[in-house]
Amino acid sequence: MARASATKRIVENCWVLVGEHKRPFWHARRVRPTRGKPASVEFDAAWVLRREEEQGDVVGFYHTHPSGPPQPSSRDDRTMRAWAGALGKPLLCLIEADGAVAAFRYDDDESAGAQLAACERFARSVVIAYEADRAHDKQGKARHDGQ
Ligand SMILES: [Zn+2]
């Protein structure tokens, strides 16, 4: 949530993530940088929708929390749920704070956002995130025991 920053005007930076999601890995590249206000960023929604329609490779969003924890704000939750619902697929929410990057996955418009096991930044704006938890698999699949 927006918390008034007393003196500094530090803004959040945001990128769209394009790439692919092949469990358990997300391979993404940061593109389309935008700057926002403190504790808020605006994505170029029209660009995202066009990109997804033409390439189908939008995998999420990356943004900074200049003064915040590496956790999604309630606004981030709402934004990510809306996008996951709009694009009809799980999306990655990467948050950079204090030089580290945390990764969260939103499956749909009701998702609470699940933190992923690991996330690393590489050269040329490449980011790789890794899902170690098996919770999604258990949720999404019927069990075949005893059949
Ligand atoms: Zn945020």
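Residues numbered from 1 in each chain as written. Predicted model: local features only at pLDDT ≥ 70, side-chain atom pairs only at ≥ 80, totals over all residues.

Engineer: Please clarify how the nonpolar core should be interpreted in this entry.
Structural biologist: By size, the foremost hydrophobic cluster in this structure holds 25 residues, and its most contacted members are L17, V59, L91, L92, C93 and L94. Among the secondary structure elements, those contributing two or more residues to this core are β1 (13–22), β2 (25–35), β3 (58–64), α2 (74–87), β4 (91–97), β5 (100–106) and β8 (126–130). Beyond its immediate sequence surroundings of up to four residues, V59 is in contact with L17, V18, G19, E20, H21, W26, A28, L91 and L92. (Core = buried A, V, L, I, M, F, W, Y, C linked by C-beta atoms within 7 Å. Buried ≥ 20, exposed ≤ 12 C-beta atoms within 10 Å, placed from the backbone. Helix = DSSP H or I, 4+ residues; strand = E, 2+ residues; numbered from the N terminus. Contact = placed C-beta atoms within 7 Å.)

Engineer: Explain unusual backbone geometry to me, please; I cannot follow it from the model alone.
Structural biologist: What is expected of a backbone is that most residues other than glycine have negative phi and most peptide bonds are trans. Following R23, the chain continues into P24 via a peptide bond in cis, with omega recorded as 0°. Tracing the backbone shows P24 in the loop between β1 and β2. Despite not being glycine, R124 has its phi angle at roughly 55°, a positive value. By the element assignment, R124 lies in the loop between β7 (118–121) and β8. With 6 C-beta atoms counted inside 10 Å, the residue R124 sits in the exposed group. Of note, S125 is a non-glycine position whose phi angle comes to about 65°, a positive value.

Engineer: Would you explain the environment of A84 in this entry?
Structural biologist: Structurally, A84 can be placed in helix α2. Sequence spacing of A84 and G60 is 24 residues, and the spatial spacing of their C-alpha atoms is 8.5 Å. When sequence neighbours within four positions are dropped, the list of residues in contact with A84 reads K89, P90, L91, Y106, D107, D108, D109 and S111.

Engineer: Explain the confidence of the model for the protein here, please?
Structural biologist: Scored by pLDDT, the protein has a mean of 85; 80% of the residues are at 70 or more. Contacts from residues 138–147, a stretch scored under 50 in pLDDT, to residues over four places away or in other chains number zero contacts. (pLDDT = per-residue confidence, 0-100.)

Engineer: Hey, could you run me through the pairing of β7 in this one?
Structural biologist: Looking along a regular strand, one sees side chains alternate from face to face of the sheet. The sheet contact formed by β7 and β8 spans four bridges and is antiparallel. The partner of E120 across the bridge, within β8, is I128. The antiparallel hairpin formed by β7 and β8 contains four residues in its connecting segment, where R124 sits at a positive phi of about 55°. (Pairing = 2+ DSSP bridges.)

Engineer: Quick question: what am I supposed to make of the environment of H21 here?
Structural biologist: Structurally, the position occupied by H21 is in strand β1. Taking the C-beta count within 10 Å as the criterion, H21 has 19 such neighbours and is therefore assigned partly exposed. Sequence spacing of H21 and D57 is 36 residues, and the spatial spacing of their C-alpha atoms is 8.9 Å. Once residues within four sequence positions are removed from consideration, H21 is found in contact with W26, V59 and P90.

Engineer: For this particular structure, what's the right way to read α2?
Structural biologist: Helix length check: α2 (14 residues) gives 20 Å between terminal C-alpha atoms against 20 Å at 1.5 Å per residue, within 8%. Phi turns positive, to about 70°, at G88, one or two residues after α2. (Expected span 1.5 Å × (residues − 1).)

Engineer: When you look at the sheet that holds β5 in this model, what are you seeing that I'm missing?
Structural biologist: What links the strands of a sheet is backbone hydrogen bonding, and the strands pair in either a parallel or an antiparallel sense. Taken in spatial order, the eight strands of this open sheet run β6-β5-β4-β3-β1-β2-β8-β7, and their pairing is mixed. The two strands at the open ends of the sheet, each matched to only one other strand, are β6 (114–115) and β7. Helix-sheet contacts for helix α1 (residues 45–55) involve β1, β2 and β3, and the interaxial angle to β3 is about 150°. Contacts from α2 reach β3, β4 and β5 within the one sheet, and its direction differs from that of β4 by about 150°. (Axes fitted to C-alpha atoms, helices over the stretch in contact; angles between N-to-C directions.)

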